[in-house]
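# Overview (structure and organization)
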Amino acid sequence: MRSRWLPAIKDGLAHAGRSVKGKEVAAAFYGDLFRPTVEAGRATDEEVRRIAAGAGLLDFLEERFGEAPLEALYDELGREHGRQIIVQLGKYFQDDDLRTQVQERLEAVIDETTQVVVAHSMGTVVAYEALVAHPEWAVDTFVTLGSPIAGEFNRSKLRPPVTGEGTGVWPHVRRWVNVQAVGDTVIRTTDTARWFPGVEDIAVDNGPDAHRAEPYLNAVVTGRAIAEGLSGS
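Residues numbered from 1 in each chain as written. Predicted model: local features only at pLDDT ≥ 70, side-chain atom pairs only at ≥ 80, totals over all residues. Heavy atoms only, no water.

Let us now look at the nonpolar core. Counting 45 residues, the largest nonpolar core has L70, I86, Y92, Y128, F142, I149 and F196 as the members making the most contacts within it. Counting residues per element, the ones that place at least two in this core are α2 (45-54), α3 (57-65), α4 (69-77), α5 (79-94), α6 (96-107), β1 (116-120) and α7 (122-133). Top contributing element to this core by residue count: α7, with eight residues. With near-sequence residues (within four places) excluded, Y92 lies in contact with F34, L98, R99, V102, Q103, M122, V125, V126 and E129. Core analysis: the second largest hydrophobic core is formed by 24 residues, A8, Y216, A219 and L230 among them. (Core = buried A, V, L, I, M, F, W, Y, C linked by side-chain atoms within 4.5 Å. Buried < 20%, exposed > 50% of the residue type's maximum accessible area, 1.4 Å probe, protein only. Helix = DSSP H or I, 4+ residues; strand = E, 2+ residues; numbered from the N terminus. Contact = heavy atoms within 4.5 Å.)

Encoded structure:
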């Protein structure tokens, strides 16, 4: 992941006249914790449904879509992408041991020199929870890309949750920039600042691969936000 993300980060920073060395960028990876084995195979449709039900996602989708809620979600996101999101977010929200393991992956790469945390997709949920839980960290800027965090279901499952019409706890950072691409179907609301006052919601156009991390990372607005975070301005 780092080998793919680092060139894109450098491209984004170049727009802001800034550069970083490879050793200055650390990556927290947890995809292996969700990766199915060949022996077990991928989750069946019934297993996906059970995971969605266990996390409370199925009830939420039924309220929104009515009959055949999973198929309706797949129509929005694409079948395999939708299944992946359900399995990963569903397991993360209902399996405390897994949630802890994922959090530990991020905690392992944050130290007293970390100035900016950049997170993409589900990683924005993971990073948000970690930043809230660690007031001792000296992170200046939080940059979220293609984040589903403000969607109704996700924000209700956060630690701490956003309930009713309330607003979320601000993470222990000076600045939070949320970059969202036109046509990114993973984003459940474009008004993250409504639920987390102070967030800077910024729209970009990533082209046909709206949710992919690299177009987010090399965008001018992303590079500028990272550069300003490294400068503490």
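Further notes follow.
So, about the packing of aromatic side chains. Counting across every chain of the model gives eight aromatic pairs. For the pair Y30 and F34, a centre-to-centre distance of 6.1 Å together with 70° between the ring planes defines the contact as edge-to-face. The class for F34 is buried, based on a relative accessible area of 7%. Ring geometry for Y92 and F93: centres 5.7 Å apart, planes at 65°, overall edge-to-face. Three or more aromatic residues joined by ring pairs make a cluster, and in this case those are Y128, F142, W170, W176 and F196. The cationic tip of R155 hangs over the ring face of W195; the distance from NZ or CZ to the ring centre is 3.4 Å. The residue whose ring lies beneath R194 is W195, and the NZ or CZ to ring-centre distance is 3.9 Å. (Phe/Tyr/Trp six-rings, centres within 6.5 Å; stacked < 30°, edge-to-face > 60°. Lys NZ or Arg CZ within 6 Å of the ring centre and 35° of its normal.)

Space inside the second largest pocket adds up to approximately 280 Å³. Looking at the second largest pocket, it is lined by 20 residues, and the ones nearest its centre are L57, F60, F153, N154 and R188. Of all the secondary structure elements, the ones that give two or more residues to the lining of the second largest pocket are α3, α4, α5 and α8 (152-157). Partitioning the lining of the second largest pocket into residue classes produces 12 nonpolar, four polar and four charged. (1 Å grid on protein atoms, 1.4 Å probe; cavity = no way out; pocket = protein on both sides within 12 Å on 5 of 7 lines; lining within 4 Å. Points joined across faces, edges and corners; volume = space filled by probe spheres on them. Nonpolar A, V, L, I, M, F, W, Y, C, P; charged D, E, K, R; others polar.)

Glancing now at the environment of V116. Tracing the chain through its elements places V116 in strand β1. When the C-alpha atoms of V116 and Y128 are compared, they prove to be 13 Å apart, with 12 residues separating the residues in sequence. If we ignore the near neighbours within four places in the chain, the residues touching V116 are V139, T141, V143, I226, G229 and L230.

Time to look at α6. When the terminal C-alpha atoms of α6 are compared, their 16 Å separation across 12 residues agrees well with the 16 Å that a helix rising 1.5 Å per residue should span. Taken together, the buried positions of α6 are L98, R99, V102, Q103 and L106. Around the axis of α6, the buried residues are gathered within 135° of arc, so they sit on the same side. In this structure, the buried side of α6 is in contact with α5, α7 and α8. Capping the start of α6, D95 holds a side-chain oxygen 3.1 Å from the backbone nitrogen of D97, two or three residues further along. (Expected span 1.5 Å × (residues − 1). Arc of directions from axis to C-beta. Polar contact = N/O pair within 3.5 Å; in protein donor to acceptor, adjacent residues only side chain to side chain.)

Turning next to the sheet that holds strand β3 (residues 175-181). Spatial strand order, β1-β2-β3-β4: four strands in an open sheet with parallel pairing. Looking at which strands have only one partner, the edges of the open sheet turn out to be β1 and β4 (200-204). For this sheet, the mean angle separating the axes of adjacent strands, direction not counted, is 20°. Here β1 pairs with strand β2 (residues 141-145) via five bridges, running parallel. What sits directly across from A119, in β2, is T144. (Pairing = 2+ DSSP bridges. Axes fitted to C-alpha atoms, helices over the stretch in contact; angles between N-to-C directions.)

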